[in-house]
Amino acid sequence: QVQLVESGGGLVQPGGSLRLSCAASGSIASINAMDWYRQVPGKERELVARIVDGDSTNYADSVKGRFTISRDNTKSTIYLQMNNLKPEDTAVYYCHAEGAIGTMGGELPLDAWGQGTLVTVSS
């Protein structure tokens, strides 16, 4: 079983910063990519940032230049540094991981989600 645990959400004023963390644990054989998604009630979940094995990254156009995704492989943890936050960044942010789970019978696909952390940008 694999768990992703997010932290770091909260209330921040426009123009402020927050840093989200996502720690992966469990029977992980390998992680190929980890992502941050966000969702607003009534809208589809959207990809915010992605980091792929080898540290290639990509971002949604709406956050380019403001958000930075990074990874600490030794801790199986990713971060999302969010600067110059705007009210439209308000959402529940979810961590997602793709890779492989190690089992006694071999490897199975890993496709795991965290429980989400709320980010509210408001004055």
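No experiment lies behind these values; they were computed from the predicted model shown.

## Observations concerning the nonpolar core
Argument step 1. In terms of nonpolar packing, the biggest core is built from 30 residues, with Met34, Trp36, Leu80, Met82 and Tyr93 touching the most fellow members.
Argument step 2. Among the elements that make up this core, the one with the highest residue count is strand β9 (residues 91–103) (five residues).
Argument step 3. Beyond its immediate stretch of four places on either side in the chain, methionine 82 contacts Gly16, Ser17, Leu18, Leu20, Arg66, Phe67, Tyr93 and Val119.

## Quick notes on the side chain of aspartate 89
Argument step 1. Within the secondary structure, aspartate 89 is located in the loop between β8 (77–82) and β9.
Argument step 2. Under the relative-accessibility criterion, aspartate 89 is labelled buried at 0%.
Argument step 3. Reaching out from aspartate 89, the side chain makes a polar contact with the side chain of arginine 38 at a distance of 2.9 Å.
Argument step 4. Of note is the side chain of aspartate 89, whose polar atom sits 2.8 Å from the backbone nitrogen of lysine 86.
Argument step 5. Those residues within four positions of aspartate 89 in sequence are excluded, and the remaining contacts are Arg38, Arg66, Phe67, Asn84, Val119 and Val121.

Cut-off values and rules
Residues numbered from 1 in each chain as written. Predicted model: local features only at pLDDT ≥ 70, side-chain atom pairs only at ≥ 80, totals over all residues. Heavy atoms only, no water. Core = buried A, V, L, I, M, F, W, Y, C linked by side-chain atoms within 4.5 Å. Buried < 20%, exposed > 50% of the residue type's maximum accessible area, 1.4 Å probe, protein only. Helix = DSSP H or I, 4+ residues; strand = E, 2+ residues; numbered from the N terminus. Contact = heavy atoms within 4.5 Å. Polar contact = N/O pair within 3.5 Å; in protein donor to acceptor, adjacent residues only side chain to side chain.

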